[in-house]
Amino acid sequence: MIKSTATELLPHVQVWTNCLITLQELLPQSSYNTWMTPIVPVGLDGKTLILQVPSMFFRDHIEENFLSQLGTALFKELGEDADLAYSVIVDQSIKGVNLKSQKNQKPAFNPFENRSQFGDYGGNLNLDYNFETFVQADCNKLAYAAGVKISEKPGTAGFNPLMVYGGVGLGKTHLVQAIGNQIRANYPEKRVVYVTTEQFISQFVEALRDDLAGQFMNFYMNIDVLIIDDIQFLTGKTQTQEQFFNIFNRLHQNNKQIIMTSDCAPKDLKGMHERLTTRFKWGLTADLQAPGFETRLAILKKKIEADGYEIEPEILEYLASTVDTNVRELIGVLISIMARNVMMERIDLDMVKQVIANVVMDVDEEINIGSITRMVSEYYMIPEEALKATSRKRDIVIPRQVAMYLSREFTHSSLKMIGDFFGGKDHTTVMHAVNNIKNQLANDVDLKQAIATLQKRLENR
Ligand code: ADP
Ligand code: MG
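First things first, this report covers the structure right here in the doc.

Here is what the cut-offs are and how they apply
- Residues numbered from 1 in each chain as written.
- Chains lettered and ligands numbered in written order.
- Predicted model: local features only at pLDDT ≥ 70, side-chain atom pairs only at ≥ 80, totals over all residues.
- Heavy atoms only, no water.
- Near = heavy atom within 4 Å.
- Polar contact = N/O pair within 3.5 Å; in protein donor to acceptor, adjacent residues only side chain to side chain.
- Areas by Shrake-Rupley, 256 points an atom, 1.4 Å probe, with all protein chains shown as cover.
- Helix = DSSP H or I, 4+ residues; strand = E, 2+ residues; numbered from the N terminus.
- Nonpolar A, V, L, I, M, F, W, Y, C, P; charged D, E, K, R; others polar.
- Axes fitted to C-alpha atoms, helices over the stretch in contact; angles between N-to-C directions.
- Parallel < 35°, antiparallel > 145°, perpendicular 65-115°, else oblique.
- Contact = heavy atoms within 4.5 Å.
- Buried < 20%, exposed > 50% of the residue type's maximum accessible area, 1.4 Å probe, protein only.
- Pairing = 2+ DSSP bridges.
- Right-handed = clockwise from strand over helix to strand, strands pointing away.
- Salt bridge = Lys/Arg side-chain N within 4 Å of Asp/Glu carboxyl O.

**Side note on the site of ligand 1**
Around ligand 1 sit 17 residues in total, of which Val135, Gly169, Thr173, His174 and Arg328 are the nearest. Contact between ligand 1 and Val135: a nitrogen atom at 2.7 Å from a main-chain N or O atom of the residue. Protein contact buries 90% of the 560 Å² of open area that ligand 1 shows by itself. Elements with a minimum of two residues in the shell around ligand 1: helix H5 (172–186) and helix H12 (327–342). Grouping the constituent residues of the shell around ligand 1 by class yields 8 nonpolar, 7 polar and 2 charged.

And the structure:
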């Protein structure tokens, strides 16, 4: 749409002037000043806007960095079949670019596609994280209520974006995935994407490397619900923030739901561009508090019920009153108790105290291959003996390799010492194990989660 003004600018000048208004919004001030203001519009050939740029380098730079923003601005003015061409001052030939490849309606590119379990948009959601398994209480009242509303009317419930923040292990991931799962149940046709901020960053970096940044943007701009977890990891990542800013704007303008989590309040996100943190506050910001005793007990009960377990009430009460750090620790202890029980140990107070000491309070115990193996054994519910034996079954091999990997990372033991500990295995076996875990980490979410949890426990010692 070309707006005519009293001064009757030439059409190409008018188009570009209007584009600049959009671009000023989409680009950081410094990029705008450096890269947009030197551009001179020189002609309009049908729907192709011809821009004069100072050099080839300049042209390449804006194409590599700002093509999607230029596209957004241009499409707004001239419609979706608009195109751009450049006239380079040092080289007067005009080179066309193909913006059309940037705007396929249905994205052919899916940043999750290399990961078999994420075959479709919502495959990244963990079905165990739903509203039924989430205990509603005072500590999460507002976030929970908003979540339910959003799952009924995503994008139009009046909470857009929803920003859930709170300390580690308080249920942020569980809650936002529950919202995602419920939206999928209510609206099977909606494209719901759950992504951790770390995944988002690495997808973007990979897309840049493979020259697919436009398609990456296209994918995220065409979804219905974006759930992005642990947004605090975006601090300091200027380039990814810029892309996220554009995605956020597009989704928000189109009434698509955005849900974010953070480990702190938006105002405390240092190293995050202000125009982003301002937007984070447009919708609803709700925090998760640490649960009190009653809620901790309810969470334990729900968890053992879900797993078809029975544990005596006194034991549960002891647990709920003793482990008050966060829900993740509480559940960690419960899982270890169940694991020991699977290994034929009786659940009594002594055993429970011992587990608590191991998982939560063991700040002094030395980290060595033995303590690492015990931790891995508890995490995977596999007896230590099995980790040291020779079984080639995958559910044993991976935990064994995890234990070897962590031993290598967290102790000064040599490959030979580690091999000896695990039943006299060759040092090359240990080396292979360590490499295998490193390689699998990039595309195996369960493994990544396991290593992250175990690493955190080790680091907290
Ligand atoms: P965060 O993302 O805030 O670090 P998570 O969502 O990963 O925390 O929660 C840690 C663990 O605690 C998960 O196993 C989760 O299911 C559980 N959990 C946390 N809050 C609740 C709750 N209110 N009801 C049931 N389980 C919860
Ligand atoms: Mg989380």
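**Overview of the packing of helix H16 (residues 394–410) against helix H18 (residues 427–441)**
Contact geometry of H16 with H18 gives a least axis separation of 8 Å together with a crossing angle of 100°. With respect to their mutual orientation, H16 and H18 come out roughly perpendicular. The residues of H18 that touch H16, namely those facing Ile398, Gln401, Val402, Met404, Tyr405, Arg408 and Glu409, are Val430, His432, Ala433, Val434, Asn436, Ile437, Lys438 and Leu441. Along the lines of polarity and charge, the residues of the contact of H16 with H18 split into 9 nonpolar, 3 polar and 3 charged.

**Focus: the pairing of strand E7 (residues 225–229)**
For E7, the buried fraction is high: 5 of the 5 residues fall into the buried class. Of the two faces of E7, the one carrying Val225, Ile227 and Asp229 and the one carrying Leu226 and Ile228 are both buried. Here strand E6 (residues 192–196) pairs with E7 via 5 bridges, running parallel. Residue pairing in the sheet places Val193 in a bridge with Leu226 of E7. Bridge analysis of E7 against strand E8 (residues 257–262) gives 4 bridges, and the strand direction is parallel. Along E8, the bridge assignment pairs Ile227 with Ile259. In this region the chain leaves E7, passes through helix H8 (residues 238–253) and returns to the parallel neighbour E8; the handedness of that crossover is right-handed.

**Regarding the pattern of salt bridges**
The tally for this structure, following the rule as stated, stands at 11 salt bridges. We note a salt bridge from Glu25 to Arg279, for which the minimum N-O separation is 2.7 Å. Here Glu25 is found in helix H1 (residues 11–26), whereas its partner Arg279 is found in helix H9 (residues 274–280), with 254 residues between them in sequence. Owing to a relative accessible area of 43%, Glu25 belongs among the partly exposed residues under this scheme. Here Asp420 makes a salt bridge to Lys416, at a shortest N to O gap of 2.9 Å. Pair noted here: Asp420 and Lys416 are both in helix H17 (residues 415–421), with a separation of 4 residues, about one helical turn. A relative accessible area of 53% means that Lys416 is categorised as exposed.

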